[in-house]
Amino acid sequence: MTRAAKKNGSPQTHDELATLRSTTEQVMSEETHLREGGGEAGHARQRKLGRLSVRQRIDHLIDHPSSFLEIGLWSAWKMYPQAGAVPAAGVVIGVGTISGRRCMIVANDATVKAGAFFPATCKKVLRAQKIAARCNLPLVYLVDSAGVYLPMQDEIFPDEDDFGRIFRNNAVLSAMGVPQYAAIMGNCVAGGAYLPVLCDKLLMTSGSELYLAGPALVKAATGQVVDAEELGGATMHARISGTIDFEEPSDEACLERLRSLVDLLPAETQSVTSALTARDPQDLYDLVSHDGRTPYDMRDVLACIVDVSSMSEYKAEYGKSLICAYAAVGGQKVGIVANQRHPIKSAQGQLQIGGVIYDDSADKAARFVMDCNQTGLPILFFQDVLGFMVGREAEQHGIIRSGAKLVNAVSNSTVPKITVIVGGSFGAGNYALCGKAFDPVFIFAWPSARYAVMGAEQATGTLVTLRQRQAEREGTKFSDEELDKLRQRTIADYQSQTDIRYGAARGWVDAIIEPHTTRQVLMDALAVATRPAPKGGLRMGVLQV
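Below is a short write-up of the structure. (Residues numbered from 1 in each chain as written. Predicted model: local features only at pLDDT ≥ 70, side-chain atom pairs only at ≥ 80, totals over all residues. Heavy atoms only, no water.)

1. Regarding the environment of Phe442
Just so we agree on the cut-off: Strands are runs of DSSP state E lasting at least 2 residues, helices are runs of H or I lasting at least 4, and numbering of each runs from the N terminus. Note on contacts: a residue pair is in contact if any heavy atoms of the two residues lie within 4.5 Å.
You can see Phe442 is positioned in strand 20 (residues 442-445). Spatially, the C-alpha atoms of Phe442 and Leu380 are 10.0 Å apart, while their sequence positions differ by 62 residues. Leaving out residues up to four positions away in the same chain, Phe442 has contacts with Leu69, Ile71, Arg127, Ile131, Lys417, Ile418, Thr419, Asp510, Ala525 and Val528.

Okay, here's the thing in structure tokens:
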């Protein structure tokens, strides 16, 4: 590792000199590269075909490009080395406003492997559909995909969280009454052809193709020779098969037609929001360290996020390792559950470690979550958690029982839940504070976030000890030098997996966000999460055809 400076005669590495701000800047720089998709060659091909790139299409479609709440940008990051880079899993998803209506947008990126579906692509589209179903968001699909990435078909095709589930969800969403629009703006072949046809309205641009099998496969299977336009072109589907509702001459015309169709939906009411906080959101970079080693008061962090003078703490003097509070974010009333990250003393005078959940805190938070459900308040969870307390005293005080109460309350909570991972998200603390497995509507993370079953140092100690015992059983013994190498290698491997980018690549978080934007991101997310549930769609009996 490169040495950058010396302080008090001791060398410091870049990691030691890093701050939350510099870490954030590095991650945001990488995100800029991810948004370029498949690179210039792919974009040149789109231009040659007279088509817009995926992000140009989204910019044309939505009212305010700067307010697009993107989800899953880090999907597939470094996951498929045998296939090369697959930026954003070859699909862009997020919430944007179209003609004044918030919509979930799913748009294939044809510059990335021709928009082919990888396992992470399926997982990402399914996440978009899940959020749309939960929040009653109209869905808009911009289709430009070659279908399944065939070298990995066994990991993409058959399971309940694979390719086919997308089409099943199309049908279920329709029955729920969630509007769905599809625009074919390039390739749409094989099984992928079912997605647009299962939507409420279907548009197609000239030069695009929609068929179950292309000309080459048709010839191989049947001997029939047919060109692409006759087989599945826009004009054929508009005039002969009747499959599409609108044929459009260009991407621009198609996107304008989409905007006009979305404009037929009932208008949304505009909420009034407050822009005031007690502290400047930029203070977050001074309050929280990038490595989680510096204690801080979570109340100071919340003061940079919630509306000024809106926070009312619940049982403030009891169970102090978790903060539970009522507050408002942009005028939206919420409940908050957050770790306290500096050492505190319990009412009995016992020192409690910051970031650790104790039995009294778990009891308090469980009660608070139930209260928020009784009142109908959305809940924001702020995680910087090392886990539950362990040891004789903790076990005798019933830490398992208290933890189970909190897990039960969060599991059965029906109000919207949104999670922000500020620092550590370790062990059962991840579960109790609404990790991904507990169905938050959205889950966001700062660049300083870390995801694992336990911290790197603790895990390394455990793994190295187990390896030593195994070697001793086999009649060998590590030297001090070998032990040190094993320890360094183990901690490096473990730390790479705790990197939040590793988790974001696998869909464990929806987005990595800049700390100072947390308030605005939460305002946007709350506006989506608190939408009324769908009323249900059209019901009819079996039709004669």
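2. Quick notes on the environment of Ala89
The line we're drawing: Each residue's exposure class comes from its accessible area (1.4 Å probe, protein chains only) as a fraction of the maximum for that residue type: buried when under 20%, exposed when over 50%, partly exposed otherwise.
One can find Ala89 in the loop between strand 3 (69-71) and strand 4 (91-98). A residue is classified by how much of its surface remains accessible, and Ala89, at 0% relative accessible area, is buried. Separated by 393 residues in sequence, Ala89 and Glu482 have C-alpha atoms that sit 39 Å apart. Leaving out residues up to four positions away in the same chain, Ala89 has contacts with Ser75, Ala76, Ala116, Ala120, Thr121 and Lys124.

3. Regarding the side chain of Ser448
For clarity, the threshold we go by: Between N or O atoms, a polar contact is any pair within 3.5 Å; within protein, one atom must be a potential hydrogen donor and the other a potential acceptor, and residues adjacent in sequence are included only when both atoms are from side chains.
Among the secondary structure elements, Ser448 is positioned in the loop between strand 20 and strand 21 (450-452). Polar contacts involving the side chain of Ser448 include one to the main-chain carbonyl oxygen of Val422, which spans 2.7 Å. Sequence-distant contacts of Ser448, that is, excluding residues within four places in its chain, are made with Leu20, Ser289, His290, Val422 and Gly423.

4. What to know about the pairing of strand 5 (residues 101-108)
Our working definition: Each pair of strands is called paired provided DSSP finds at least two bridges between the two strands.
In terms of burial, strand 5 is largely enclosed, as seven of its eight residues are buried. Summarising the sheet, strand 4 and strand 5 pair through eight bridges and their orientation is antiparallel. For Val95, the partnering residue across the bridge sits in strand 5 and is Met104. Taken together, strand 4 and the strand that follows it, strand 5, pair antiparallel across an intervening segment of two residues, in which Ser99 is found at a positive phi of about 50 degrees.

5. Some points on a nonpolar patch on the surface
Put simply, the test is: Residues enter a patch when their relative accessible area is above 30% and they make no salt bridge; the linking distance is 9 Å between like charges and 5 Å between nonpolar side chains (Val, Leu, Ile, Met, Phe, Trp, Tyr). Using a 1.4 Å probe, the Shrake-Rupley method yields the accessible areas, and only the shown protein chains count as cover for residues. We define a salt bridge as a side-chain nitrogen of Lys or Arg found within 4 Å of a carboxyl oxygen belonging to Asp or Glu.
A contiguous nonpolar surface patch, about 290 Å² in accessible area, is contributed by Tyr194, Leu198 and Leu212. Summarising the element assignment, Leu198 is placed in the loop between helix 7 (194-197) and strand 8 (201-205). For Leu198, a relative accessible area of 33% corresponds to the partly exposed category.

6. Comments concerning the side chain of Ser289
Inspection of the secondary structure assignment puts Ser289 in the loop between helix 12 (284-287) and helix 13 (298-303). Classification of Ser289 as buried rests on a relative accessible area of 16%. Reaching out from Ser289, the side chain makes a polar contact with the backbone nitrogen of Gly292 at a distance of 3.2 Å. Of note is the side chain of Ser289, whose polar atom sits 3.4 Å from the backbone nitrogen of Arg293. Excluding anything up to four places from it in sequence, Ser289 contacts Leu20, Thr294 and Ser448.

7. Brief notes about helix 5 (residues 119-135)
Counted only if it meets this: Under the convention used throughout, the expected extent of a helix is 1.5 Å for every residue step, that is, one less than its residue count.
Between its first and last C-alpha atoms helix 5 spans 25 Å; for 17 residues at 1.5 Å apiece the expected length is 24 Å, and the two agree. Looking one or two places after helix 5, you find Asn136, whose phi comes out positive at around 55 degrees.

8. Describing the nonpolar core
For clarity, the cut-off: Joining through side-chain atoms within 4.5 Å is the link that ties buried Ala, Val, Leu, Ile, Met, Phe, Trp, Tyr and Cys residues into a set, and such a set is a nonpolar core.
With 84 residues, the main nonpolar core has Phe382 and Phe442 as its most contacted residues. Residues Tyr314, Ile399, Val410 and Val415 belong to the second largest nonpolar core, which totals 26 residues.

9. Focus: the packing of aromatic side chains
Our working rule: Here a pair means two rings of Phe, Tyr or Trp (six-membered ring of Trp) with centres within 6.5 Å. Their orientation is stacked below 30 degrees between planes, edge-to-face above 60, and tilted elsewhere. Over a ring means this: the NZ of a Lys or the CZ of an Arg is within 6 Å of the ring centre and within 35 degrees of the ring normal.
Under the counting rule described, the total for this entry stands at 13 aromatic pairs. Judged by centre distance (6.4 Å) and plane angle (55 degrees), the ring pair of Phe167 and Tyr194 falls under tilted. Remark: Tyr194 occurs in helix 7 and Phe167 occurs in helix 6 (residues 163-176); sequence separation between them is 27 residues. Summarising the aromatic geometry, the rings of Tyr326 and Phe368 are spaced 5.2 Å apart at their centres and angled 50 degrees between planes, so their arrangement reads as tilted. Taken as a pair, Tyr326 in strand 12 (residues 322-329) and Phe368 in helix 14 (residues 359-375) lie far apart in primary sequence, 42 residues in all. When its relative accessible area of 0% is taken as the criterion, Phe368 is described as buried. Taken together through their ring pairs, the aromatic side chains of Phe117, Phe163, Phe167 and Tyr194 make up a single cluster. If you follow Arg21 out to its NZ or CZ, it ends over the ring of Tyr285, 4.1 Å from the centre.

10. A closer look at the environment of Leu73
Structurally, Leu73 can be placed in the loop between strand 3 and strand 4. Residues Leu73 and Gly115 lie 42 residues apart in sequence; the distance between their C-alpha atoms is 15 Å. If sequence neighbours within four positions are ignored, Leu73 has contacts with Glu31, Leu34, Arg35, Arg55, Ala88 and Lys124.

These figures capture arrangement, not role.
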